[in-house]
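One-letter residues, chain by chain:
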Amino acid sequence: MFGHVVGARRRRTKRALEAARMLDEVVDTQLPLLASFDEERRRRSADYLAELVALAQDYRYFAQGWIDAKELDRRGHRTVAALGRLREDPTARLVSD
């Protein structure tokens, strides 16, 4: 039984680190686009990306055991709410229409 718990923890840790890497990739891909935006859109888009960076860090904290799954879930919901507020503002879109 103990081996099952350790294996489950390893899988959760691996998934959390994969999620953090995926978020990092999204940020790294979008970041160069900010230079082509006007100042207001650049600022709002940077705020959007900053939320993703913070969430990636939260996944790393979870993987390291610094926060539990409940806290990661709480932070994830906070991030989704913040992204929703930013998304409502059309000047914060990362891709030009």
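About the cut-offs
- Residues numbered from 1 in each chain as written.
- Predicted model: local features only at pLDDT ≥ 70, side-chain atom pairs only at ≥ 80, totals over all residues.
- Heavy atoms only, no water.
- Phe/Tyr/Trp six-rings, centres within 6.5 Å; stacked < 30°, edge-to-face > 60°.
- Lys NZ or Arg CZ within 6 Å of the ring centre and 35° of its normal.
- Axes fitted to C-alpha atoms, helices over the stretch in contact; angles between N-to-C directions.
- Helix = DSSP H or I, 4+ residues; strand = E, 2+ residues; numbered from the N terminus.
- Parallel < 35°, antiparallel > 145°, perpendicular 65-115°, else oblique.
- Contact = heavy atoms within 4.5 Å.
- Nonpolar A, V, L, I, M, F, W, Y, C, P; charged D, E, K, R; others polar.
- pLDDT = per-residue confidence, 0-100.
- Core = buried A, V, L, I, M, F, W, Y, C linked by side-chain atoms within 4.5 Å.
- Buried < 20%, exposed > 50% of the residue type's maximum accessible area, 1.4 Å probe, protein only.
- Salt bridge = Lys/Arg side-chain N within 4 Å of Asp/Glu carboxyl O.

Visitor: Would you mind going over the packing of aromatic side chains with me for this structure?
Guide: Aromatic ring pairs are defined here through the distance separating the ring centres and the angle between the ring planes. One pass over the full model with this rule turns up one aromatic pair. Arginine 9 extends its terminal NZ or CZ atom over the ring of phenylalanine 62, reaching a point 5.3 Å from the ring centre. The ring of phenylalanine 37 carries arginine 41 above its face, with NZ or CZ at 4.2 Å from the centroid.

Visitor: In this structure, what is going on with the packing of helix H2 (residues 39–63) against helix H3 (residues 69–88)? I would like to understand it.
Guide: Helix-helix packing is described using two parameters, namely the angle between the two axes and the distance between the axes. Viewed as axis vectors pointing N to C, H2 and H3 meet at an angle of 170 degrees, and their least axial separation amounts to 10 Å. By the angle between their directions, the pair H2 and H3 is classed as roughly antiparallel. In this structure, H2 contributes Arg44, Asp47, Tyr48, Glu51, Leu52, Leu55, Asp58, Tyr59, Tyr61 and Phe62 to the contact, and H3 contributes Ala69, Leu72, Arg75, Gly76, Arg78, Thr79, Ala82, Leu83, Leu86 and Arg87. Residue composition of the contact of H2 with H3, grouped by class: eleven nonpolar, two polar and seven charged.

Visitor: What's the story with the confidence of the model for the chain in this structure? I'm lost.
Guide: A low pLDDT score tells you not to read the predicted coordinates there in detail. On average, the chain scores 88 in pLDDT, and the residues at 70 or more come to 86%. Here helix H1 (residues 2–30) stands out as the least confident element of the chain, with mean pLDDT 87; H2 is the most confident, with 95.

Visitor: Teacher, can you tell me more about the nonpolar core here?
Guide: The nonpolar side chains of soluble globular proteins are, as a tendency, buried together. One finds Ala20, Leu23, Val27, Leu34, Phe37, Tyr48, Leu49, Leu52, Leu55, Ala56, Leu83 and Leu86 forming the largest nonpolar core, which totals twelve residues. Where this core is concerned, the elements lending two or more residues are H1, H2 and H3. Ranked by size, the runner-up nonpolar core spans five residues in total, among them Phe62, Ala63, Ile67 and Leu72.

Visitor: Honestly, the pattern of salt bridges in this entry has me stumped. Any pointers?
Guide: Pairing between side chains of opposite charge can happen when the charged atoms of each approach one another. Counted under the stated rule, the structure contains eight salt bridges. Of the charged contacts, one joins arginine 75 and glutamate 71 as a salt bridge, the two residues approaching to 2.7 Å between their closest N and O atoms. Of this pair, arginine 75 and glutamate 71 both sit in helix H3, separated by four residues, roughly a single helical turn.

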